Amino acid sequence: MAKVSRVSIAFLLPVACAALLSLGACSSEPGPMRIAGGDPQLGRELIQRYGCVACHAIPGLSSYGANVGPPLHRMGERAYVGGVIANTPDNLVAWLQNPAAIDPRTAMPRLGISEREARHIAAYLVKPH
Ligand code: HEC
């Protein structure tokens with residue numbers, strides 16, 4: 001009996017996976033990062049209001065020469081935030097609100113950004129540009 005169920009699992013797993021693959025599950029390719037509750041257009045306005053371009057080159061915004069922090073291109077594909085934590089939606093939003101809570105030695109200041117604002121900003125940053 002145990003032998004039979006092992007065999008059927010060995011047979012059924014690839015079949016089930018193939019079925020899921022056609023639905024986009026099982027895929028090893030990560031999809032684009034999504035920020036729940038984030039509106040990229042509002043994010044763009046907030047980025048301008050908070051003056052992020054004083055320190056960062058940001059796609060779609062005039063920030064020529066800004067080079068205090070890293071350029072924020074392709075933020076949705078970056079592996080780490082601040083070089084210290086995995087770049088997940090929650091971690092990126094947390095970073096924007098309070099960078100020093102994540103890396104006490106970071107030079108990025110806390111700008112008084114709310115969680116809701118951070119979600120909008122993150123949505124703009126991870127959007128393919
Ligand atoms: C005074 C300069 C300064 C300002 C203003 C500033 N940052 Fe930063 N930021 C930095 C620095 C420096 C780093 C690199 C921090 C580190 O690696 O410890 C950084 C890192 C980041 C990162 C992580 C990038 C990565 O590749 O890990 C993001 C995202 C980010 N900033 C977004 C923003 C946004 C959005 C704003 C505006 C709301 C902003 N920053 C305002 C200096 C600044």
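Please refer to the structure placed before this passage.
Throughout what follows, the structure given in this document is the object of discussion. (Residues numbered from 1 in each chain as written. Predicted model: local features only at pLDDT ≥ 70, side-chain atom pairs only at ≥ 80, totals over all residues. Heavy atoms only, no water.)

## Things to note about the environment of Gly-83
For clarity, the threshold we go by: Note on conventions: DSSP H or I runs of at least 4 residues are helices, E runs of at least 2 residues are strands, and numbering of each starts at the N terminus.
Positionally, Gly-83 belongs in the loop between β1 (80–81) and β2 (85–86). Considered as a pair, Gly-83 and Asp-103 are 20 residues apart in the sequence and their alpha carbons are 9.1 Å apart.

## Overview of the side chain of Asn-87
Where we set the bar: When checking whether two residues touch, look at their non-hydrogen atoms; a contact exists if any pair is within 4.5 Å.
Inspection of the secondary structure assignment puts Asn-87 in the loop between β2 and α3 (89–97). If we skip the residues at most four places from it in the chain, Asn-87 touches Met-33, Met-75, Gly-76, Arg-78, Ala-79, Tyr-80, Val-81 and Leu-92.

## Notes on the packing of α3 against helix α5 (residues 115–126)
Inclusion rule: Only the stretch in contact is used when fitting a helix axis, every axis being a line fitted to C-alpha atoms; angles between N-to-C directions are given from 0 to 180 degrees. Oblique is the label for any angle not covered by the other classes, which are roughly parallel (under 35 degrees), roughly antiparallel (over 145) and roughly perpendicular (65 to 115). Crossing handedness is defined as follows: a turn of the near helix away from the far one that is anticlockwise and smaller than a right angle gives a left-handed crossing, while the clockwise case is right-handed. Note on residue classes: Ala, Val, Leu, Ile, Met, Phe, Trp, Tyr, Cys and Pro are nonpolar, Asp, Glu, Lys and Arg are charged, and everything else, Gly too, is polar.
Two numbers describe how α3 lies on α5: the axes approach to 9 Å, and their chain directions differ by 120°. Considered as vectors, α3 and α5 are oriented oblique to each other. You can see that α3 and α5 cross each other, and the crossing is right-handed. Here α3 contributes Asp-90, Leu-92, Val-93, Leu-96 and Gln-97 to the contact with α5, which in turn contributes Glu-115, Ala-118, Arg-119, Ile-121, Ala-122, Leu-125 and Val-126. Across the contact of α3 with α5, the residue classes tally to 8 nonpolar, 1 polar and 3 charged.

## Re the layout of surface pockets
To find leftover empty space, a probe the size of one water molecule is rolled over the atoms. Quick reminder of the rule: A pocket, in this scheme, is an open set of points on a 1 Å grid over the protein atoms alone with protein on both sides within 12 Å along at least 5 of 7 lines, while a cavity is a set where a 1.4 Å probe fits but cannot get out; residues line either one if an atom lies within 4 Å of a point. Grid points are joined across faces, edges and corners, and a volume is the space filled by probe spheres set on the points.
Approximately 530 Å³ is the volume attributed to the largest pocket. When contributions to the lining of the largest pocket are tallied by element, the ones reaching two or more residues are α2 (40–50), β1, α3 and α5. Counting residues per element, the lining of the largest pocket draws most heavily on α3, at 3 residues. Split into classes, the residues belonging to the lining of the largest pocket amount to 22 nonpolar, 6 polar and 2 charged. Taken as a whole, the second largest pocket encloses approximately 240 Å³ of empty space. For the lining of the second largest pocket, the class distribution of residues is 8 nonpolar, 4 polar and 3 charged.

## Quick notes on the pattern of salt bridges
Rules: Any Lys or Arg side-chain nitrogen found within 4 Å of a carboxyl oxygen on Asp or Glu counts as a salt bridge. Relative accessibility decides the category of a residue: with a 1.4 Å probe and only protein chains considered, values under 20% of the type maximum give buried, values over 50% give exposed, and everything between is partly exposed.
Counted according to the given criterion, the structure contains 3 salt bridges. Salt-bridge contacts for Glu-77 lead to Arg-74; the nearest nitrogen and oxygen are separated by 2.7 Å. On the basis of relative accessible area, Glu-77 is assigned to the exposed category, the value being 56%. On the basis of relative accessible area, Arg-74 is assigned to the exposed category, the value being 61%. Between Arg-119 and Asp-90 there is a salt bridge; the shortest N-O distance is 3.9 Å. One end of the pair, Arg-119, is in helix α5; the other, Asp-90, is in helix α3, with 29 residues separating them in the sequence. Residue Arg-119 is classed as buried on the basis of its relative accessible area, which comes to 17%.

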